[in-house]
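As a plain string of letters, each chain reads:
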Amino acid sequence: MGSETPTKLPLIDFSKIYLNESTPDDWNSIKTQVHEALTEYGFFRASMAGMSSEFQSSLFSSLDQLFSLPSETKLKSISDKPFHGYIGHSPTMPLYESMAIPDAQVAGEVEAFTNFFWPHGNPVFSESVRNISDKLYWLDRMIRKMIMESLGLEKHSDDHMDNTKHLLRVAKYQGPDTKESIMGLVSHIDKTTLSILYQNEVAGLELETKGGEWIRVEQSIDSFTVFVGEVFHAWSNGLLHAPYHRVMMTGNEARYSLGLFSVPKPGYITKVPDELVDEEHPLLFNPFDYDEFLKHLFTGKVGANEDALDAYCGVKESELTTYSKSESK
């Protein structure tokens, strides 16, 4: 792909479905767009009705309040689970800090998080975060349902949905106060099923195409960025593309973002559906337990970024040969 025709991030409008105004043809059209975007690019932008500038202002003002709390207060948010506790500034990522709200879509979880930091309550914060988490959760389920349908795997849908949990992470990237691009978050592939981000209008997120081109995401108040994680890539036998992405910061304005990350529940074994495996599409990933994969990841037994899941449970060349022979009998 030449530099004269830079790739644009696909934009898919979910407003009719969200407002319950869609026809079967609308649903099928959007489903096709989702399938094409996630197999070709691994990402797209999703727009949705009901996102006002007033809502955005309230939401990101609330996040500013959270990250303006004293460091000793933020550091009280700890967890022995990966990605669940407070992550502060570090030498490798001096602009980045984040916190997590597990199962934010479940009644009471956002309020519990709010009351941890504001014992007397902060209703504006709770309402804003609850509102956006509900929208993110709805979008996550719609997209995964569409993927199941587009692959003809509706019979796996309930099992897939029922064995998924969610984590909402809120993040702040401090403006580096320079015109030069500074790394806010290193290039990586998410270790998730699906990731959906909502951010303020300070640019920084970049996604890599299969051809190695980096696309900067120009966010708007009514759009979300959706991309495939390694788990969905493995479950789909490599059909869904999991892209590298990063955050590059310039200027002096802070970038705030919220990400809803869906992953398998503890103890659930992720397995490639038999329908996605044949002689032309040999099995690429063995069944795996997501939590066990994370343990290997964070003990340094597999690489942190490059092909981590493939290193953990990818089918080896010898296994591919065995599979081909057994299938040809």
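Our subject is the structure listed above.
On a predicted model such as this, the values are computed, not experimentally measured, just so you know.

Draft legend 1. Local environment of the sheet that holds strand E9 (residues 223–228). Across the sheet, 7 strands lie side by side as E1-E2-E9-E6-E11-E4-E3; this open sheet has mixed pairing. Looking at which strands have only one partner, the edges of the open sheet turn out to be strand E1 (11–13) and strand E3 (96–102). In this sheet, adjacent strand axes meet at a mean angle of 25° when their direction is disregarded. Looking at chain direction, E3 and strand E4 (residues 164–173) are connected through 7 bridges and run antiparallel. Paired with Ala100 across the two strands is Arg169, which belongs to E4.

Draft legend 2. Expanded view of the nonpolar core. With 58 residues, the main nonpolar core has Phe14, Val34, Phe44, Leu66 and Ile143 as its most contacted residues. If one sorts the elements of this core by residue count, helix H6 (residues 123–150) sits on top with 10 residues. Of all hydrophobic cores here, the second largest spans 18 residues; its members include Met93, Ala171, Val217 and Phe261.

Draft legend 3. Structural context of the sheet that holds strand E10 (residues 245–251). Pairing is antiparallel in the open sheet, where 4 strands are placed in the order E5-E10-E7-E8. Across the chains shown, the open sheet's two edge strands, defined by having one partner strand only, are strand E5 (178–188) and strand E8 (214–216). Between one strand axis and the next, the sheet turns by 30° as a mean value, whatever way the strands run. Bridge count between strand E7 (residues 205–208) and E10: 3 bridges; the pairing is antiparallel. Bridge pairing in E10 places Glu206 opposite Arg246.

Draft legend 4. Expanded view of the environment of His296. Structurally, His296 can be placed in helix H9 (residues 290–298). Looking at His296, its side chain comes within polar contact range of the main-chain oxygen of Glu292, at 3.0 Å.

Draft legend 5. Looking closely at the environment of Gln56. Inspection of the secondary structure puts Gln56 in helix H3 (residues 53–67). Take Gln56: its relative accessible area is 9%, and that puts it in the buried class. Along the backbone, Gln56 and Gly251 are 195 residues apart, and their C-alpha atoms lie at a distance of 21 Å. Apart from the residues lying within four places of it in its own chain, the contact partners of Gln56 are Tyr198, Gln199, Asn200, Glu201 and Ile221.

Draft legend 6. Structural view of helix H2 (residues 24–40). Across its 17 residues, H2 extends 24 Å between first and last C-alpha, which sits within 8% of the 24 Å expected from 1.5 Å per residue. Among the residues making up H2, those that are buried are Asp26, Trp27, Ile30, Lys31, Val34, Ala37, Leu38 and Thr39. Looking at the buried residues of H2, the elements they touch are E1, helix H1 (15–18), strand E2 (43–47), H6 and E9. Positioned one or two residues after H2, Gly42 has a phi angle of 85°, which is positive.

The rules behind these values
- Residues numbered from 1 in each chain as written.
- Predicted model: local features only at pLDDT ≥ 70, side-chain atom pairs only at ≥ 80, totals over all residues.
- Heavy atoms only, no water.
- Pairing = 2+ DSSP bridges.
- Helix = DSSP H or I, 4+ residues; strand = E, 2+ residues; numbered from the N terminus.
- Axes fitted to C-alpha atoms, helices over the stretch in contact; angles between N-to-C directions.
- Core = buried A, V, L, I, M, F, W, Y, C linked by side-chain atoms within 4.5 Å.
- Buried < 20%, exposed > 50% of the residue type's maximum accessible area, 1.4 Å probe, protein only.
- Polar contact = N/O pair within 3.5 Å; in protein donor to acceptor, adjacent residues only side chain to side chain.
- Contact = heavy atoms within 4.5 Å.
- Expected span 1.5 Å × (residues − 1).

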